[in-house]
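Coordinate analysis (summary)
Chain by chain, the residues:
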Amino acid sequence: METLIEQFGFLNGMETWAVWTGIVLVFLALGFKGAALWIWAVLGFIAIIGLGAPVWLITVYAALALIFNIKMIRRALLSGPIMKILDALKILPAISETEQTAIDAGTVWVEGELFSGKPDLKRLNSEKYPELTEKERAFLDGPVEELCSMVSDWEVFQNKGFDDKTWEFLKKEKFFGLIIPEEYGGFGFSANAHSLIVGKLASRCGPLATTVMVPNSLGPAELLMHYGTQKQKDHYLPRLARGEEMPCFALTEPNAGSDAGAMQSTGEVFKGDDGELYLKLNWDKRYITLAAISTVIGLAFKMRDPDNLLGKGEDLGITAALVPSDTEGVDISKRHDPLGVPFYNCPTMGKDVIVSIDAIIGGADGAGNGWRMLMESLAVGRGISLPAQAIGGAKTATRAIGAYAAIRKQFGLNIGKFEGIEEPMARIGGYTYLMDAARGYICGALDGGEKPAVITAIAKYNFTELGREVINDSMDITGGAGISRGPRNLFAHSYIAMPIAITVEGANILTRTLMIFGQGAIRSHPYALKEIEALMNKDVKKFDDAFWKHIGHVVQNSIRSLLLSFTRGRLVSSPVSGPAARYYKKLAWASASFAFMSDIALGSYGGALKMKEKLAGRYADILSWMFLATATLRRYEAEGQKKEDREYFEWAMQHSFYRIQTAFDEIYSEIRVPGLSWFFRGPVALWSRMNRIGKKPSDEIGQRLAQAMQTRGEQRDRITKDIYLPTDKNEALGRYEHAMKLIEESFPVYKKLYKATKAREIQKDHVLKQVEPALEKGIITKEEAEIVKRTEEARFDAITVDDFTLEEYNKGRASAPVSEGLKNPADKTVLI
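Since the structure is predicted, the reported quantities are computational estimates derived from the model, not experimental observations.

On to the side chain of Gln654, then. Looking at the secondary structure, you find Gln654 in helix α27 (residues 646-670). A residue is classified by how much of its surface remains accessible, and Gln654, at 16% relative accessible area, is buried. When sequence neighbours within four positions are dropped, the list of residues in contact with Gln654 reads Arg582, Tyr583, Lys695, Lys696, Pro697, Ser698 and Ile701.

The grouping of Asp273, Asp274, Glu276 and Asp358 at the surface amounts to a negative patch. As for its position among the elements, Asp274 is in the loop between β2 (266-271) and β3 (277-289). Among the residues examined, Asp274 registers a relative accessible area of 47% and is labelled partly exposed.

Relative to each other, helix α14 (residues 220-227) and helix α16 (residues 370-381) sit at 110°, their axes nearing to 11 Å. Relative to α16, α14 is oriented roughly perpendicular. For the pair α14 and α16, the contacting residues are Glu222, Leu223 and Tyr227 in the first and Arg372, Met373, Leu374, Glu376 and Ser377 in the second. Looking at side-chain class alone, the contact of α14 with α16 contains 4 nonpolar, 1 polar and 3 charged residues.

Before going further, it helps to examine the nonpolar core. Met597, Phe627 and Ile671 are the most contacted members of the largest nonpolar core, which totals 186 residues. In this structure Phe627 touches Trp109, Val110, Leu114, Ala438, Tyr441, Ile442, Ile455 and Ile458, once residues within four positions along its chain are discounted. Residues Ala102, Met263, Ile361 and Leu374 belong to the second largest nonpolar core, which totals 28 residues.

Where empty space is left becomes clear once a probe the size of a water molecule has been rolled over the atoms. Summed over all chains, the structure comprises 4 cavities of 30 Å³ or more. By volume, the largest cavity is sized at about 110 Å³. Forming the boundary of the largest cavity are 14 residues, of which Ala481, Arg488, Asn489, Tyr736 and Ala798 lie nearest the centre. It is helix α31 (residues 732-745) that provides the largest number of residues to the lining of the largest cavity, a total of 3 residues. Partitioned by chemical class, the residues of the lining of the largest cavity number 8 nonpolar, 4 polar and 2 charged. The calculated volume of the second largest cavity comes to roughly 60 Å³. Together, Ala102, Ile103, Arg382, Ala453, Val454, Ala457, Met515, Gln519 and Arg523 line the second largest cavity. At the level of secondary structure, the elements contributing two or more residues to the lining of the second largest cavity comprise α6 (97-104), α19 (453-478) and α22 (508-523). Within the lining of the second largest cavity, the residues separate by chemical class into 6 nonpolar, 1 polar and 2 charged.

Thresholds applied
Residues numbered from 1 in each chain as written. Predicted model: local features only at pLDDT ≥ 70, side-chain atom pairs only at ≥ 80, totals over all residues. Heavy atoms only, no water. Helix = DSSP H or I, 4+ residues; strand = E, 2+ residues; numbered from the N terminus. Buried < 20%, exposed > 50% of the residue type's maximum accessible area, 1.4 Å probe, protein only. Contact = heavy atoms within 4.5 Å. Patch = residues over 30% accessible without salt bridge, like charges linked within 9 Å, V, L, I, M, F, W, Y side chains within 5 Å. Areas by Shrake-Rupley, 256 points an atom, 1.4 Å probe, with all protein chains shown as cover. Salt bridge = Lys/Arg side-chain N within 4 Å of Asp/Glu carboxyl O. Lys, Arg positive; Asp, Glu negative; His and termini not counted. Charge placed at Lys NZ, Arg CZ, Asp CG, Glu CD. Axes fitted to C-alpha atoms, helices over the stretch in contact; angles between N-to-C directions. Parallel < 35°, antiparallel > 145°, perpendicular 65-115°, else oblique. Nonpolar A, V, L, I, M, F, W, Y, C, P; charged D, E, K, R; others polar. Core = buried A, V, L, I, M, F, W, Y, C linked by side-chain atoms within 4.5 Å. 1 Å grid on protein atoms, 1.4 Å probe; cavity = no way out; pocket = protein on both sides within 12 Å on 5 of 7 lines; lining within 4 Å. Points joined across faces, edges and corners; volume = space filled by probe spheres on them.

If you want it as structure tokens, here you go:
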């Protein structure tokens, strides 16, 4: 049989290797673009005929092509048997009812693009980046600013709470109604405004931010707005907005922390003597914020209807209800002491507490829907409250540490000039820029109606972990000034409180190792959830559609990963020009490799992947840092690629891809692929280390970033915008600002003294001892001498730490009266 090569004379001289090279290139091009299966079949048919394949091979190929492309035949001969095998071997993970609810909660947002292996970069770069309304800006610059000025973080810690004036102001200015719609007397603020308000309060006083954020986060108001009956909304929402009701939400129990399904609190339906339906509630909850001063408890419990009075069966599942705190049988008389941080965190118990069936959020129709309500609310709340606290602290650190490094001198130099200090300073500034970018990016999505559960879990985990790094670095830089508590110390209380943020709203270990990738691999993967649901429902048609698309997805991403790795992303078109372009290309490269390796893990471990938490944590790291890089790219473009922000941007992007590279290296070293572990641990790992997608930010970029933090001006103000910045130079941060201003203004005078010292016109000594000789010799003027004295006085004042008499120390300096609002209304004993 004459081949096509022999038939076409112009091909007679072509070497065999060239033909095969052409075939390989076509194969790679089709795979890179994700060509449809029928295109592969047709081109393959042409290729084997052209290469002179024997008739039997052509026949076999044609038969296989028909089987794979004709769905009815494929389902009968392939998909059905494969489905039975997968079901028998439990290859794909089974999903419990509570897991299904968590997976179904919320929406898939940009994480779906990152999981796809072929992200729409234009979409990522065009997501909404939010701005405040005039009303929101007025509230942030007005009541929020005033509230910050009223509160001393030191006094709050000393007195274990706020005074009456602060509580009255919180209620008067409706700080507990930030998210409640205007029609119910609240503000109806956006997620962006909510986030910035909490962040500004956190920059002043952590317990203040917590007290405001909890009623505006997961709790009665949020649940009522989305799931309450009209009667419940009309009754509670106006009262909550005015602060007449103080809410809390009781979920966690001694035996049900991360595993909410193990909840033992119960609610049993019964018919009263009046013929109405009631609930008998029993609970033992702990770690409940605001419980001891609450007037209404949002309670999660397992509901039973033994007589089927509601007609929904006996075991209705997790339910949420509103229980007035003064109901008989309710105990809110105690509080915990979370590391000495003075916010209300308490246990609460209930013994045979009777409430109407109408207390269920959503009424009787809401019975059994509590878990769904909670998961959908957390899908939003995790992206606002704790991330806002973290960015408020990070911005404060960026501002304060920049000033401190310029003020504090050792060995005759400002400590900010030492490379050992520059390194942690760069982390503080770089993380702040990156976190604020992600904060805005997420809030834009939330305000657009998204409820991205995976992304908000990423935010909660990474913001609190990066916040921990920021505060640790700040403590290291300030040294003795950081560990000496008192009103001058900006960092000690944040350092003490940091483990609380790590723990609440999903402990970070759980969030990283189970939620981000564990749920994300199912929820955000284009086909995994569809396959699992088809298996569970024995639906061959849906399984066939999802499974073969999944196979094509794996092939495409294997080729994309290979080609983008060899070309370092250059085959991808960036949606922007300038410094960000190369990072968009790297993002596409990282996404392709991540998607491919995710499928390798799913295929290798199947249902057992749930238990491979260390491996899942590394996948979570890649997904997290791809998202953080995406948000940073969006910010840089949204703000007009500001030249002066280049150091912040470059540091954040380089660090993001360095963290991605680190996680990939660890995956290649640990993943077990049947028959191919050696391949990933050997050649793939070696190539990854040689062709790194990222490395640590350079020392030069870190140095420039650290110097930018120490320079007063528009950029520093913008990077640290919307924190509380006291103008009083007797305040801790005010002292830093005052001293930094004088140091900058007096720099020319110090330069004169330095030159005079180098020329040996005056002796080398402390600057204050040089002033008089320099004045006598006419090196500086009298006015300049005064400037130096004022500067050194401000410098010394700024670095001075607090001290107390023994009497003050032993009394704990409780100098302000404890608010009547902090007393138990039952016995008037102070709850401290």
